[in-house]
Structures are given as structure tokens and as C-alpha cells.
Amino acid sequence: MSMTPNTTSMPSHHILSVLVQNRAGVLARVSSLFARRGYNIFSLAVAPTEDPDFSRITIVVDVESAPLEQIVKQLFKLIDVVKISELDPRRSVERELMMATVRVASEDRGQVVELANIFEGKILAVGTEAITVSLEGSPDKLDDFEELLRGYGIVELQRTGRVALPKLDKEARTRPHKNGKAS
Amino acid sequence: MTEQITGAQALIRALELENVDTIFGLPGGCILPAYDPLLDSHIRHILVRHEQGAGHMAEGYAHVTGRPGVALVTSGPAATNMVTPLCDAYMDSIPMICITGQVPTSAIGTDAFQECDTVGITRSVTKHNELVMSADEIPLIVRQAFHIATTGRPGPVLIDVPKDCLQNMMTWHWPTDEEVLESLPGYRPNTKGHSRMIKEAARLILDSKQPVLYVGGGVLKARAADTLRELAELINTPVVTTLMARGAFPDSHPLCLGMPGMHGNATAITAMQKSDLLINLGARFDDRITGKVSTFAPDAKIIHVDIDPAEQGKVRRPDVPIVGDCRLVIEELVKTIKEMLANGEVQADISAWKSRVSGWQEQFPMYYSPNEPGEALKPQFCLEKLHELAPAGTILCSGVGQHQMFSSQFWKFEEPYTWVNSGGLGTMGFSIPAAIGAKVARPDRTVWAVDGDGCFQMTAQELVTASVERIPIKVAVLNNSYLGMVRQWQEMFYDERYSEVYLSPELPDFVKWAEAMGCVGIRVESPEEVEPAIALANSINDRSVVVEFRVDAGEKVFPMVPAGFGNDDVLLHPNQNDRREFLR
Ligand SMILES: Cc1ncc(C[n+]2csc(CCOP(=O)(O)OP(=O)(O)O)c2C)c(N)n1
Ligand SMILES: [Mg+2]
């Protein structure tokens, strides 16, 4: 479940990496908390971690809808939420995957293939009237690629929403919120 | 130990082990298996007439004991009937356990008979909820539920149990404390305040020239009334008690200013507005207290003690946030201040502030126009008499509306846990079932429910429960023939255009209705009848009593801070308006 509008700069966005107990209903708890409190989710990606008892939810939040601090504190109140780290976009690596089917006649197909090559994307399928490409990379790069594909006519497009981890450089790359556990 | 029992037996045993003595409930298809072992248990079951009643009874029980109230109901419509009390308990941080039946696991998701998505529906009105997936999980989930409901910021927890999980055999195992904690790695409420923050708070308190202790329901939840009193007397500081905290500090105490907020008294409201330091203990800057937030207590620094970190800065940014249990934090605060005083520090002179506050108290006592001969009875007069004649330790419950505000304003609360009401959700119909729950928990106490004629008609049928189960409560219906509070808003803010607020003075016949439910019914129409009727009601202890007071339909609640206005714009009783400038 994901929905990633185009963003090149993201001053009003923050990435929350939320470690949760991997249990039925946990995603519903998180998403209904956002809905109930009027916070906007920009994108959301979820999958189990290396320890199958836990999942990591990467949420990009729109902090114009509420102060980040409130969002984090309310999330902490969910019993299934174990830890929340706010990832500073400058100190983290972000990746996203996009797939797109572009309508393109066979004579122009070469242009799209070339574009995909420049971006280090992949050609997944080729038809007489259309071509399906994929690209994995930073959200900005995906934005650019999407913009260029648009000129050809996008039939279908799907982005996963970003996942992120702290960069492996220097000291503290995460700022774990240590307000203690909520009650 | 490898004892094999059914999930239902495990459920009832788990409740026994959690020291449950009373369950409020009503059986049905999916929860049926749990009702069988209940026959062999010492737990008292109170059979309600509507599940909402079970929920509010559990709340009333929890209000007066601090222990979680337990409700047991079936699936589908019974679960949806529980939504209101769950939300009520969630808003007022009442510990409560609600167990709902569910269709068998194999039928979940098929729109089976009486299936509903109970955990989905109740997710946002519970502190936590859980769908049981196998009989083996029952003991752990019950232990988790009690732990979550009663620790940190208390609240309701719902357990949804599919029928097959109740019927299946399981190997009995009662989880240890460690197992419970391990199973909840994300739940570690912080109870002890940060010592540096407590020192900072003590510093601010000693330096403040115009302090106010702003006391909320958290003080009662933390059982901190004694500690609060010690602190208030140590720093000689005026105390306001919010609607949720009435009784946390004695109304008769010279430092007590009573209730602030939309219908608070002028002194409590104004003292907060003019204060230079609000010491918020377990309150949450609710909109009914602050009025328009941007004009609320503009010059006050804020110390905010709350066990829920999310309350810090939610409405008003504190200068000193302290996350912790009110009792532990206040104890530390008292200790710290005493040490500072012992080290030669002195508290700022607050005598000018105190005399300003007493000036307001003299000018603006709670006031209503007295009963005029031949004219309608005043509801406030009834409240005063109810209080005057109440046996010591009486517990007062109320519904929601004008009568609720008159109750809070004109009753004098001296003891904690003697006031039970629906603050956050404002649930009409709360009082009768809540009073029943309170009486079950405290059979030694007299329990009065003050109700409106509108509210009474929402949950009165629980008086049948009270009669059958021999739980004698007393109900004062302030019958003004109107949805009075709404009528007041229409009179004041909608040009007296009354739209759908008139009930009827004659219908229903409250006396006959009371009698039909096995209660004594008494009607009071004039001021002279008030005292004898209350005395009679107080003398009847073998059944419930309903006293209908026919009161003035035109009476309004004052003071009032109209919604959307700031507290400086408080509307006083018309007879006090000429003194307005004293509030500056
Ligand atoms: C369940 C519910 N429905 C509607 C309301 C809105 N409401 C608040 S007070 C009130 C009037 C209550 O009438 P009554 O019980 O007669 O009390 P009165 O104000 O007349 O004392 C209403 C309708 C509510 N609080 N709760
Ligand atoms: Mg009424």
C-alpha cells in the first residue's frame, strides 16, 4: 500500500522508521491512527525485518498536517510499536522501486530503451505497442525518470513508496526518540 | 502442569486470578460457552438490560475503586452496543476490560450471523484491543489486558473471543509477570518523573508570584489526593479542580477555588487567566477548560505533569514537562521544595495574589435566583438540598447536561472518588448505570444519580437491573421538560429559536415508570416538598428510589464561557454582571 506523489525537495516531509511487533492488525492500527488524528501519510512501506517477530514500517509523513513530535508520541502509544527512529533525509539512504508501462510504437521504442539504460533501469517486457520498464533508486531519480516517461504516455505506473536506513557514515545517523514509552 | 480445560474455563479462571469480583454482562450465541463455567465461579454476574448499561456500570465500578470494571457481552449487536461506553472510558481514562464473543475463527470474514469487525470498530476507542486466535492464548491476553488497562494512562481494553476458542481444549498455563512484560516489548510506561525537570519545576514554583494548581483527573487515577494536599499546603497555593477531578481536593479547604472551565466559577476561571504559573497535575488543557487557546492564561508559565507523553505540548507547550505518575511526581516535588526551603531558599511573596483571589471569591460566589413563592422550583436549590441531606461519604453520579453542571457547581465534594461523571465524551444516559456500578463496588455508601429528563430516558431500564439484583440507588431527575443544555444554547446563541428540544412535562410519568421498574417513585413540585422527599428517599435502603423534581425550564447555567470565546469573556449570572470590572 503506497502512494508517492512527486517530490524533489522535501522540507515538509520526514521519514519515520517504525519497528513494530509483527502481528495481525498492526498496519491497520498505524494507519487508522493517522486517519483518526488527521495526519497525512505521504508514503508507507512495510515488511518483516531480519527478526520475523518484528516488522519495519517506513512512513514518510507530511508534517504540515501536524507537528512531527505529536505524530511520534501518538504512534508510541500503540502497544505494538516498539521503537521509532526519525531518519534525517541527509543522513540516510532511501530507495524506491517504480514500474511503468509506456505506450510506444515500435519505431520509437529505442528512445525509451535508451532512457532506461541511462537511468540504469530495466526492461521488463516489450510488446508491439507498449514497453514495461522498472527503475530502483532514490525517490528523486524516480521522479526525474517518471517525468521523462510522461512525454511518451504512461499507461500504468506503480511506485512502492520509499524504504530507508541510516547511512553507514560517522556517528549518530539516527535520532532515536527516547521520550520513553507512551502510556 | 498439563491440566486440560476449555478456553471458556480458562477465561473465567483468568478473570478470577485477576481478582475480578463482579462482571456486568448479557449473554448471547457466541459468548455462550463462557457463561457456563461462570455458574461455578464465585464471581458475581450482573445481568443488564442493555449492553451499554454493562459498559457504564463497569465504568462506575472503576471510578470508585480504581480497579478495572469488567463487561462481558456477545458478538455483533452486543459489541456495537459497547462502543459508547468504550469511547467514554477511553476519553476519561477509565480502566475497563470488555470481553466480546465473536463468530468461530472459521467463519470470520464471511458475514456470518452476528459477525462484526469488533476489533476494527473499537480500535480508535480503546487503549488496546486483541482478537484471540486460539484457546491457548486466552490467559496471556487476559493478563496483558489487565496490565495495559491499569498501568500508564488507564483505559479500556477489549478482548474479542471467537466461539471455537472458548470451546476448544487448551493446556492451562498462567503467565508470569516476566512473560507478560516480554510479550509487550513496546509497552513500558514511564512513572517516575525526571529529577532535573522536578527541580526546575520546584524552582519555578518558589519564584512564582501568582501560582495556581490546575488539578485534573490524573491526580485521582494516581491516587494522589493526599499528596496533592500536602503540596498545596506547603506552597500555600490556590487549587482548581476540573470536572474530572472534583473531590481530589476538598471544596471546603480554604485554598480550593472549585471548578474552572466553560461552566466553572468566575474565581477559578480568572485565577487561571491571571496566573503567572499554572501547575498542571494530570489535566490535559481540554477545550472546555481553556476556551479559545490563544487567549488562555496568556502570562502563565506551564508545569505539566502527565503520565501520557503525548499530552505534553498537545495543546499548550509546557515550560517544564514532566512525564510521570502524579503521585510519584508530586511526592518528589514536595521533597525537593522542602529541601530547598531547608537550604534557606524562600518562596516568593504571594500574599497580594492570594488577597486578589479572595476578592474575586467574595464578589462572585456561585449564585442563582432563589425560588419565588408560586414560581417554579430551581434545580440548583434541589442540588443544595440533596447535598445538605446526603449521608457522609455519599457518591454522586450525574448525566450530561445542565443538571451535570449544577451538580458539579452546587455539590460540595470533600473526598476523592465520590464524583462519577462522563466528562470527555459527555454521554447522556451515563448516570443510572454508572451509579449502579458504583453501588455494587461500594455497597456501604449512599449513591445518588442526578439525571436529566432527557438522559433518564436513554438508560432508565437499568433500574430494572438494580431492582432485580438488589442494588439500591437513588435517582434525582431534574425534569425541566427540555433537553435543557441544548435549549440554553438555542436561547443564547440562536435567538431563542427552539428547535427540537422540547420533551414534555407530563410524559413519561416518571413516578409510574419508577414503580413499574420496582422502585419507589416520588414527585416534587414545590420548594417545600424538596426536603421531605429527599429525607424519605435517604431513608429507603431496600430498593431504588426515583425522585422527580419538576424544575424551572428557563433556568440557565452560569457562569458560561461561550464556545469559541476566551475565558476573559466569561458570561456571569445577570445579577453579577454589574461587578464585572472586579475581574480585571
Ligand atoms: C448521547 C448524547 N446525545 C446528545 C447529546 C447532546 N446533549 C448534551 S446535553 C443534552 C440535553 C440533555 O437533556 P437532559 O438530560 O434533560 O438534561 P438537562 O440539560 O435538561 O439538564 C443533549 C441533547 C449528548 N451529550 N449525548
Ligand atoms: Mg432536561
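The numbering scheme is per chain: residues are counted from 1 as the chain's sequence reads. Working convention: letters from A go to chains and numbers from 1 go to ligands, in the order in which they are written. Totals for whole chains, interfaces and linings use every residue, but because this is a predicted model, local features are given only for residues with pLDDT of at least 70 and side-chain atom pairs only at 80 or more, for both listing and counting. As a convention, hydrogens and water are excluded, and side-chain values are obtained from all of the structure's heavy atoms.

Q: Would you explain helix H2 (residues 68-76) of chain A in this entry?
A: Residues spaced three or four apart along an α-helix point in a common direction, a consequence of the helix completing one turn every 3.6 residues. The buried label goes to any residue with under 20% of its type's maximum accessible area, the exposed label to any with over 50%, and the partly exposed label to all in between, with areas taken from a 1.4 Å probe on protein chains only. What counts as a helix is a DSSP run of H or I of at least four residues, what counts as a strand is a run of E of at least two, and both are numbered from the N terminus. Of all the nine residues making up H2(A), eight are buried; the element is thus mostly covered by neighbouring parts of the structure. In this analysis, two residues are considered to be in contact whenever any of their non-hydrogen atoms come within 4.5 Å of each other. Against strand E1 (13-21), helix H1 (26-37), strand E3 (54-62) and strand E4 (81-87) of chain A lie the buried residues of H2(A).

Q: Would you take a moment to explain the domain arrangement of chain B for this structure?
A: Note: interface size is frequently given as the accessible area lost on complex formation between the parts. Residues and elements named next belong to chain B. Structurally, chain B comprises domain 1 (4-183), domain 2 (195-363) and domain 3 (379-550). A separation of 37 Å is found between the C-alpha centroids of domain 1 and domain 2. Across the contact, ten residues belong to domain 1 and seven residues belong to domain 2. Buried area adds together the accessible area that both of two parts lose upon being put together, with accessible area traced by a 1.4 Å probe. Between domain 1 and domain 2, a total of about 660 Å² is buried, with carbon and sulfur atoms accounting for 54% of that surface. Should a side-chain nitrogen of Lys or Arg be within 4 Å of a carboxyl oxygen of Asp or Glu, the pair is scored as a salt bridge. At the boundary of domain 1 and domain 2, one finds two salt bridges. With its nearest N and O atoms 2.9 Å apart, the salt bridge here joins Asp 308 to Arg 153. Residues adjacent in sequence count toward polar contacts only when both atoms are side-chain atoms; beyond that, a polar contact is any pair of N or O atoms within 3.5 Å, and within protein one must be able to donate a hydrogen and the other to accept it. There are three residue pairs in polar contact (both at pLDDT 80 or more) connecting domain 1 and domain 2. Residue composition of the side of domain 1 that touches domain 2, by class: three nonpolar, five polar and two charged. Where each domain starts and ends comes from a domain assignment, either automatic or drawn from a database. Note that Gly is not counted as nonpolar here; it falls among the polar residues with everything else outside the nonpolar set of Ala, Val, Leu, Ile, Met, Phe, Trp, Tyr, Cys and Pro and the charged set of Asp, Glu, Lys and Arg.

Q: Please explain the domain arrangement of chain A as it appears in this structure.
A: Residue and element names in this part refer to chain A. Assigned domains within chain A: domain 1 (13-91) and domain 2 (93-164). Spacing between the C-alpha centres of domain 1 and domain 2 amounts to 29 Å. On the side of domain 2, six residues touch domain 1, which itself brings eight residues to the contact. Of the roughly 580 Å² buried between domain 1 and domain 2 on both sides combined, carbon and sulfur atoms contribute 59%. Taken as a group, Ile 15, Ala 45 and Thr 58 account for 44% of the area that domain 1 buries against domain 2, more than any other trio of residues on that side. Summed over the shared surface of domain 1 and domain 2, the result is zero residue pairs in polar contact (both at pLDDT 80 or more). Only strand E2 (40-48) and E3 provide two or more residues apiece to the side of domain 1 that touches domain 2.

Q: Honestly, the environment of Met458(B) in this entry has me stumped. Any pointers?
A: Residues and elements named next belong to chain B. Summarising the element assignment, Met 458 is placed in helix H20 (residues 453-459). The exposure class of Met 458 is partly exposed, given its relative accessible area of 45%. The spatial distance from the C-alpha of Met 458 to the C-alpha of Pro 472 is 20 Å, given a sequence separation of 14 residues. Setting aside its immediate chain neighbours within four residues, Met 458 contacts Met 428 and Gly 429.

Q: I tried to follow the sheet that holds strand E4 (residues 69-73) of chain B on my own but got confused; where do I start?
A: Whether parallel or antiparallel, the strands of a sheet pair through hydrogen bonds between backbone atoms. All names here are of chain B. Here, strands pair whenever DSSP counts at least two bridges between them. Taken in spatial order, the six strands of this open sheet run E3-E2-E4-E5-E7-E6, and their pairing is parallel. Of all the strands in the sheet, the pair left with one neighbour each is strand E3 (44-47) and strand E6 (128-131). Averaged over all adjacent pairs, the angle separating strand axes in this sheet is 20°, with direction ignored. Orientation is described by lines fitted to C-alpha atoms, with helices fitted over the stretch in contact, and by angles between N-to-C directions that extend from 0 to 180 degrees. Where helix H7 (residues 138-150) meets the sheet, it contacts E4, strand E5 (96-102), E6 and strand E7 (156-162), and its direction lies at approximately 165° from that of E7.

Q: Please clarify how the pattern of salt bridges should be interpreted in this entry.
A: Should the charged atoms of two oppositely charged side chains come close, the side chains can pair. Residues and elements named next belong to chain B. Applying the stated criterion across every chain, the model contains 46 salt bridges over all chains. Its salt-bridge partner being Glu 200, residue Arg 196 comes within 3.2 Å of it at the nearest N-O pair. On the criterion of helical spacing, the pair formed by Arg 196 and Glu 200 is a turn pair, its members being four residues apart in helix H10 (residues 195-207). Residue classification places Glu 200 among the partly exposed positions, given a relative accessible area of 33%. Its salt-bridge partner being Arg 550, residue Glu 525 comes within 3.5 Å of it at the nearest N-O pair. Within this pair, whereas Glu 525 is found in the loop between strand E19 (520-524) and helix H24 (527-539), its partner Arg 550 is found in strand E20 (residues 545-550), the two being separated by 25 residues in sequence. The exposure class of Glu 525 is partly exposed, given its relative accessible area of 45%. Residue classification places Arg 550 among the buried residues on the basis of a relative accessible area of 16%. Several salt bridges converge on common partners, so that one network encompasses Glu 506, Asp 509, Arg 523, Glu 525, Glu 548 and Arg 550.

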